[in-house]
Amino acid sequence: MWDASKLAFYDFNLTSNVRNSFFSAATYYPVWAGIIPDEVLSSQSNAFGYFAAVNLVMNKYNGTVPTTFVDWTGQQWDAPNTWPPHQYIILEALNTLPSNLTTNSLPTPGAGQSAYDLIPSGQLNLTESQLLGQPLRGAQASQNVTATGPGSDINTLNGTVVNGGNSSSGEGWATTLGREVANRYFTSVLCSWHATGGSIPGLLPRLPNNELNLTNSVNNTGNMYEKLYTVQAGFGWTNGVLLWVAANYGQLLVAPCFERSRVALEVVARGHSDNCTGIRGSLDPFHMDVTGDWVTFI
């Protein structure tokens, strides 16, 4: 059901006959299907507000858009898990918007605020401090990045985000978000595939077993429900969305920033591209379980 004040769709519980208040990736399905509410069509500000949670993820986290921001259930469909079809739905929903709603540049938070400041009031049904923090690696492995304020936007760069591709002059906000999501998904698949044993002969060597042990990838026959079927290098919709992204955003994709470490598989700053500059600290790469169904953004 559509909430005009929060600029989001929410599920309706047929058992209790009540609309729930949990924000999820399902909010983008109607626009993907061409059902665009009048409030979204009324202004660029509202159109961006509908996608403001996508912008928050790009700035606050290392990976792609989660199914929900609920992180205490342990279920596949809640944080920190994200799913490839949802990234496709979000990208196509962005492409569905009329061009007159997407020409402005991407909004920026107010002074001393994070990307959460751009979320319509009540849309997530979570305060900024209730959102899952981005975990750190190495000596700070037991800590999370600052939960609130501009310090929580760990991936914000000039005109883009870490692993979000490179900005171009005159880029509208929807094009910016699309570029960032496409690059982030591409990076998530490639880095996680490599972190779990993937290799390209003569170009990208397989990680040694002592590093693959960090992702429990040596002699592993799958995790959770993957035990029910033969493990393969890439699940159907993981590969499918990757090929679709490559076909539709290939000219905007930038080589991912990731590097192996003897201590941990870490995202590192290389400095040769806007896509890589400014990564703060030693951060978990977003992991996609390429033998199964989901992507995780911690």
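Preceding this paragraph is the structure being described.
Residues numbered from 1 in each chain as written. Predicted model: local features only at pLDDT ≥ 70, side-chain atom pairs only at ≥ 80, totals over all residues. Heavy atoms only, no water.

Visitor: Got a sec to walk through the pattern of salt bridges? Specific residues and values, please.
Guide: Under the defined criterion, the tally for this structure stands at 2 salt bridges. Of the charged contacts, one joins Asp 3 and Arg 19 as a salt bridge, the two residues approaching to 3.1 Å between their closest N and O atoms. Residue Asp 3 is located in strand S1 (residues 2-3), and its partner Arg 19 is located in strand S4 (residues 18-19); the two are separated by 16 residues in the primary sequence. Take Asp 3: its relative accessible area is 10%, and that puts it in the buried class. Using a relative accessible area of 27% as the deciding quantity, one classes Arg 19 as partly exposed. A salt bridge links Arg 179 to Glu 171, with the shortest nitrogen-to-oxygen separation between them at 2.8 Å. You can call Arg 179 buried: its relative accessible area is 0%. (Salt bridge = Lys/Arg side-chain N within 4 Å of Asp/Glu carboxyl O. Helix = DSSP H or I, 4+ residues; strand = E, 2+ residues; numbered from the N terminus. Buried < 20%, exposed > 50% of the residue type's maximum accessible area, 1.4 Å probe, protein only.)

Visitor: Requested: an account of the nonpolar core, with residues and values cited.
Guide: If you look at the biggest cluster of nonpolar residues, it comprises 48 residues, and the most contacted ones within it are Tyr 28, Phe 51, Leu 56, Phe 69 and Trp 173. For this core, the secondary-structure elements that each account for two or more residues are strand S2 (8-9), helix H3 (44-50), helix H4 (52-60), helix H5 (84-96), helix H6 (173-195) and helix H8 (236-249). The element that contributes the greatest number of residues to this core is H6, accounting for 7 residues. With sequence-adjacent residues up to four places away left out, Phe 51 is seen in contact with Tyr 28, Ile 90, Ala 93, Leu 94, Leu 97, Trp 173 and Leu 177. (Core = buried A, V, L, I, M, F, W, Y, C linked by side-chain atoms within 4.5 Å. Contact = heavy atoms within 4.5 Å.)

Visitor: Outline the side chain of Asn 81, supporting the account with residue identities and numerical values.
Guide: Structurally, the position occupied by Asn 81 is in strand S5 (residues 81-82). In this structure Asn 81 comes out as buried when scored by relative accessible area, which is 10%. Looking at Asn 81, its side chain comes within polar contact range of the main-chain oxygen of Gln 75, at 3.2 Å. (Polar contact = N/O pair within 3.5 Å; in protein donor to acceptor, adjacent residues only side chain to side chain.)

Visitor: Account for unusual backbone geometry, with residues named and values stated.
Guide: Ala 79 connects to Pro 80 through a cis peptide bond whose omega is 10°. Note that Pro 80 resides in the loop between H4 and S5. Despite not being glycine, Asn 17 has its phi angle at roughly 60°, a positive value. By the element assignment, Asn 17 lies in the loop between strand S3 (12-13) and S4.

Visitor: Tell me about the packing of H5 against H8, and please be specific about residues and values.
Guide: At a minimum axis distance of 8 Å, the contact between H5 and H8 shows a crossing angle of 30°. Classified by the interaxial angle, the pair formed by H5 and H8 is roughly parallel. Judged by the twist between their axes, the crossing of H5 over H8 is left-handed. For the pair H5 and H8, the contacting residues are Pro 84, Pro 85, Tyr 88, Leu 91, Glu 92 and Asn 95 in the first and Trp 237, Thr 238, Val 241, Trp 244, Val 245 and Tyr 249 in the second. Split by residue class, the contact of H5 with H8 holds 9 nonpolar, 2 polar and 1 charged. (Axes fitted to C-alpha atoms, helices over the stretch in contact; angles between N-to-C directions. Parallel < 35°, antiparallel > 145°, perpendicular 65-115°, else oblique. Left-handed = near helix turned anticlockwise from the far one by under 90°. Nonpolar A, V, L, I, M, F, W, Y, C, P; charged D, E, K, R; others polar.)

Visitor: So what's going on with the packing of aromatic side chains? Which residues, and what values?
Guide: Within the structure shown, the criterion is met by 13 aromatic pairs. On the basis of an interplanar angle of 80° and a centroid distance of 6.3 Å, the ring pair of Phe 23 and Tyr 28 is categorised as edge-to-face. Assigned by exposure class, Phe 23 and Tyr 28 land together as buried. Ring geometry for Tyr 88 and Trp 244: centres 4.8 Å apart, planes at 80°, overall edge-to-face. Taken together, the residues Tyr 88 in helix H5 and Trp 244 in helix H8 connect sequence positions 156 residues apart. Members of the aromatic cluster, each reached through a chain of ring pairs, are Trp 2, Phe 9, Phe 23, Tyr 28, Phe 48, Tyr 50, Phe 51, Phe 69 and Trp 173. (Phe/Tyr/Trp six-rings, centres within 6.5 Å; stacked < 30°, edge-to-face > 60°.)

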